[in-house]
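Remarks on the overall topology
Chain by chain, the residues:
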Amino acid sequence: MLRKLSYILFLVLLISTGKAQEVSSDFFQKKDNAQLAHAALKEQKLDDAKKYIDLASEDPEIKDKGFTLIVRSTIYKDLYKLDEKGVNRNSPCRIEALNSAQKVVEKKEVDFLDNANKIIKYLAQTLYNDAATMLNSGDVENAKSNYALYKKYWAIYDPTTNFKEKDFQFKLVEASVYTKMYEQQGNKELLSLAQKTYREILAEDSLDVSANYHLGILYYNEAVAMINNMDYDVDLVKLSEQQDFCISLFKQALPYMKKAYTLNPTRKETLIGLSGIYFSLNDTEKFELYKHKIEELGEE
Amino acid sequence: MKKLLFILIALSLFSAEEKKDPFDTNSRIKAIFMFNFTRYINWPENYNSGDFVVGVVGETPLLSELVKMAETKKVGNQPIRVTQFGSTNDITDCHLLFLPEEQADKMQTAITKLKGKSTLIVTEKKGLVSQGASINFVIIDNKQKFELSKNNLKQRSLQVHTNLETLAIVVD
């Protein structure tokens, strides 16, 4: 119902903006492929619409016209919605629709600008949502590429947008995804990626509690995992070397955890992290201090 | 709405991460040391059959690590059996006795109970070597190390391998 209404509105727009002659003349002269595509689109015959608009896009006389571009964008957007939305998160139809709409905007085709912007806004939002979904499922590379595409097209829709906060949120989730994947797979490369990403976040904002805490926990957990995986019959010389390495990791964790504590002294997870680090460093006095703070927190 | 989606994903990941149980790193390292002690110390011939008994006095987080160790390791051909003593008064024959820091003031009772026995007494409080412990865990620069008393080992007819001496802080 909505789709039909949008076609009617689209038609009204065409007629009211000087395309009336072009459209009404269809009755008296042979339609070009863009017009045929538009007619098929109105009848919701998307396969036919695609066939005609693809032909129109090869026709040097009409391929760069605003009308051809907006019809192409609309057809490919509808194809995306029909066949690929939620199924193919790297949808080629979506990119096709966006590229055609982008050309409309770049050519400043006033008659079709609103429609093009609406298509760009809608499809850019789907790119963002797909990036989030992909990130959650651990498909980081595709999530990053979809997020980059989202930024590219959203900036066309709204060139004043500042992506700094969104970039920051994206990186935070990216780092936590690497962490989760490392915990599941034990792949050291993922651990390095998580650590690197948190360091990048802190380079942007050294006062982010979450990033400080999580980077601290990563170093701490790396050492704990190493000790946990030691067999009881590990040679004493090797044990000594591994102890040294683990101590260096606990010491690496400490400044981040201390920073997280300074930024939020009543965050229980941070206090637990600090007490764990000091315990592992055999610093009984400081371990007891933070253990006491945790107990105090429990009593409140 | 979109921001919320990201935050929800982040929260679900963080919460999964924080459900981890804490792990006692120090106990695992001590247990590894203890197993190595059994490899580099020789007990008299008559101690080399039956179970290899590790005694622990009182409550200590090391106990569960030693139990885990006993489930998978042997000393030579001897299965390891871990026995917990309620107090030093309850101590009976064992190859190795661990006296936790909290029980350090009961050292003399332990020594009396194990008089004339070839028991390796392991402690974790400064000064206990001078009271008869053969090995005492110490912390130096955040690192777990151990003091070793050759005299106390000799008194209990225990022979130490030079490899262990090399890595120990030999106190006499």
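Residues numbered from 1 in each chain as written. Chains lettered and ligands numbered in written order. Predicted model: local features only at pLDDT ≥ 70, side-chain atom pairs only at ≥ 80, totals over all residues. Heavy atoms only, no water.

Overview of the overall build of chain B
We apply this condition: Helix and strand assignments follow DSSP, with helices taken as H or I runs no shorter than four residues and strands as E runs no shorter than two, numbered in order from the N terminus. Buried means the residue's accessible area, taken with a 1.4 Å probe over protein chains only, is under 20% of the maximum for its type, while exposed means over 50%, and partly exposed covers the values in between. In what follows, a contact means two residues having at least one pair of non-hydrogen atoms within 4.5 Å. Residue burial considers only the protein chains on display, and all accessible areas are found by Shrake-Rupley using a 1.4 Å probe.
Counting its secondary structure elements, chain B contains 6 helices and 10 strands. Taking all 172 residues of chain B together, the buried fraction comes to 53%. For chain B, long-range pairs separated by at least 24 residues make up 59% of all intrachain contacts whose partners lie at least 6 apart in sequence. Put simply, chain B shows about 8,400 Å² of open surface, and 50% of that area lies on carbon and sulfur atoms.

What about the interface of chain A and chain B?
Note on interface size: it is often stated as the accessible area lost on association of the parts. For the record, the criterion: Once two parts are brought into contact, the accessible area they lose, counted with a 1.4 Å probe and summed over both, makes up the buried area. By definition here, a salt bridge exists when the distance from a side-chain nitrogen of Lys or Arg to a carboxyl oxygen of Asp or Glu is within 4 Å. The term polar contact refers here to a pair of N or O atoms within 3.5 Å; inside protein, the definition further demands a hydrogen-donor-capable atom paired with an acceptor-capable atom, and it admits residues adjacent in sequence only when both atoms are side-chain atoms.
Counting from both sides, the interface comprises 49 residues of chain A and, opposite them, 38 residues of chain B. Summing both partners gives a buried area of about 4,000 Å² for chain A against chain B, and 61% of it is carried by carbon and sulfur. Ranking the residues of chain A by area buried against chain B places A:Tyr232, A:Leu236 and A:Asn282 at the top, with a combined share of 21%. Across the chain A-chain B interface, the total number found is 3 salt bridges. One salt bridge connects A:Asp231 with B:Lys73, and the closest N-O pair in it is separated by 3.1 Å. Taken together, the connections running from chain A to chain B amount to 16 residue pairs in polar contact (both at pLDDT 80 or more). Elements that contribute at least two residues to the side of chain A that touches chain B include exactly α6 (110–136), α7 (140–157), α8 (164–185), α10 (209–228), α11 (236–263) and α12 (268–280) of chain A.

Brief notes about unusual backbone geometry
Unlike most non-glycine residues, A:Gln44 shows phi in positive territory, near 60°. Note that A:Gln44 resides in the loop between α2 (33–42) and α3 (46–56). The exposure class of A:Gln44 is partly exposed, given its relative accessible area of 38%. One non-glycine residue, B:Asn142, adopts positive backbone phi at about 70°. Here B:Asn142 lies in the loop between β7 (135–140) and β8 (143–148).

Quick word on the nonpolar core
Using the following cut-off: What we call a nonpolar core is a set of buried Ala, Val, Leu, Ile, Met, Phe, Trp, Tyr and Cys residues that are connected through their side-chain atoms within 4.5 Å.
Counting residues in each nonpolar core, the largest one holds 124 residues, and the members touching the most others are B:Phe37 and B:Leu120. Ignoring sequence-local partners within four residues, the contact set of B:Leu120 consists of B:Phe37, B:Ile41, B:Trp43, B:His95, B:Leu96, B:Leu97, B:Ser134, B:Ile135, B:Leu153 and B:Leu158.

Comments concerning empty space enclosed by the protein
For clarity, the cut-off: Only protein atoms enter the 1 Å grid used here. Points where a 1.4 Å probe fits but cannot escape make up a cavity, open sets with protein on both sides within 12 Å along at least five of seven lines make up a pocket, and a residue lines them when an atom lies within 4 Å of a point. Grid points are joined across faces, edges and corners, and a volume is the space filled by probe spheres set on the points. Each residue gets one label: Ala, Val, Leu, Ile, Met, Phe, Trp, Tyr, Cys and Pro are nonpolar, Asp, Glu, Lys and Arg are charged, and the others, such as Gly, are polar.
Scanning the model with the defined rule gives 1 cavity of 30 Å³ or more in all. Contributing to the lining of the largest cavity are 14 residues, with A:Ile227, A:Gln243, A:Ile247, A:Ser280 and B:Ile29 lying nearest its centre. Put simply, the parts of the chain that give the lining of the largest cavity at least two residues each are α11 of chain A together with α2 (25–40) of chain B. Across the lining of the largest cavity, the residue classes break down as 6 nonpolar, 8 polar and no charged.

Side note on the sheet that holds strand β4 (residues 78–85) of chain B
Two modes of strand pairing occur in sheets, parallel and antiparallel, and in both the strands are linked by backbone hydrogen bonds. For clarity, the threshold we go by: If DSSP finds at least two bridges between two strands, the strands pair.
Reading across the sheet, the 8 strands line up as β3-β4-β2-β5-β6-β7-β8-β10 (chain B) and stay open at both edges, with mixed pairing between neighbours. In this open sheet, the two edge strands, each paired with only one partner strand, are β3 (74–75) and β10 (169–170) of chain B.

With respect to the environment of A:Lys108
Note on placement: A:Lys108 falls in the loop between α5 (92–106) and α6. Here the alpha-carbon distance between A:Lys108 and A:Gln243, two residues 135 residues apart in the chain, equals 66 Å.

Points about the environment of A:Thr133
Structurally, A:Thr133 can be placed in helix α6. Once the C-alpha coordinates of A:Thr133 and A:Glu200 are considered, the two residues, 67 residues apart in sequence, prove to be 22 Å apart.

Considerations on the pattern of salt bridges
As a working rule, side chains carrying opposite charge can pair if their charged atoms are close by. Residue and element names in this part refer to chain A. Under the defined criterion, the tally for this structure stands at 20 salt bridges over all chains. One salt bridge connects glutamate 200 with lysine 196, and the closest N-O pair in it is separated by 3.2 Å. Residue glutamate 200 and its partner lysine 196 are both found in helix α9 (residues 188–204); the two are separated by 4 residues, about one turn of the helix. With a relative accessible area of 28%, glutamate 200 lands in the partly exposed category. Residue lysine 196 is classed as partly exposed on the basis of its relative accessible area, which comes to 43%.

Overview of the packing of α9(A) against α10(A)
All names here are of chain A. Quick note on the threshold: Here the axes come from fitting lines to C-alpha atoms, over the contacting stretch only for helices, and the angles between their N-to-C directions go from 0 to 180 degrees. Just so you know how the angles are binned, under 35 degrees is roughly parallel, over 145 roughly antiparallel, 65 to 115 roughly perpendicular, and the rest oblique. Crossings are assigned a handedness: left-handed for a near helix turned anticlockwise from the far helix by less than a right angle, right-handed for a clockwise turn.
Where α9 meets α10, the axes come as close as 9 Å, and the angle between the chain directions of the two elements is 150°. On the basis of their axis angle, the class for α9 and α10 is roughly antiparallel. Crossing geometry of α9 relative to α10 is assigned as left-handed. Facing Lys188, Leu191, Ala194, Gln195, Tyr198, Arg199, Ile201 and Leu202 of α9, the residues of α10 in contact are Ala211, Asn212, His214, Leu215, Leu218, Tyr219 and Glu222. Of the residues belonging to the contact of α9 with α10, the class tally is 9 nonpolar, 3 polar and 3 charged.

Comments concerning the packing of aromatic side chains
Residue and element names in this part refer to chain A. Stated precisely, the cut-off is as follows: Ring pairs shown here join Phe, Tyr and Trp side chains whose ring centres sit within 6.5 Å, with only the six-membered ring taken for Trp; geometry is labelled stacked below 30 degrees between planes, edge-to-face above 60, and tilted in between. For a ring to carry a charge above it, either NZ of a lysine or CZ of an arginine must fall within 6 Å of the ring centroid while also lying within 35 degrees of the normal to the ring plane.
One pass over the full model with this rule turns up 19 aromatic pairs over all chains. Here the aromatic rings of tyrosine 128 and tyrosine 147 are separated by 6.1 Å at their centres, their planes lie at 55°, and the arrangement is tilted. With tyrosine 128 in helix α6 and tyrosine 147 in helix α7, this pair connects stretches of sequence that are 19 residues apart. Each ring, one from tyrosine 150 and one from phenylalanine 163, has its centre 5.9 Å from the other, and the planes form 85°; the classification is edge-to-face. In this pair, tyrosine 150 sits in helix α7 while phenylalanine 163 sits in the loop between α7 and α8, placing the two residues 13 residues apart along the sequence. Like tyrosine 150, the residue phenylalanine 163 is buried in the burial classification. Aromatic rings pair up to connect Tyr128, Tyr147, Tyr150, Trp154, Tyr157, Phe163 and Phe170 into one cluster. Positioned above the aromatic ring of tyrosine 122, the side-chain terminus of lysine 81 is 5.3 Å from the ring centre. Directly above the ring of tyrosine 213 sits arginine 267, whose terminal nitrogen or CZ lies 4.4 Å from the centroid.

Describing the pairing of β7(B)
All names here are of chain B. Bridge count between strand β6 (residues 120–123) and β7: 2 bridges; the pairing is parallel. Note on β7: the bridge partner recorded for threonine 123 is asparagine 136. As paired strands, β7 and β8 are joined by 6 bridges and run antiparallel to one another. Each residue of the ladder has a partner; that of isoleucine 140, found in β8, is lysine 143.

Observations regarding the environment of A:His292
Structurally, A:His292 can be placed in helix α13 (residues 284–299). A:His292 sits 17 residues away from A:Ser275 along the chain, and the two C-alpha atoms are 9.4 Å apart.

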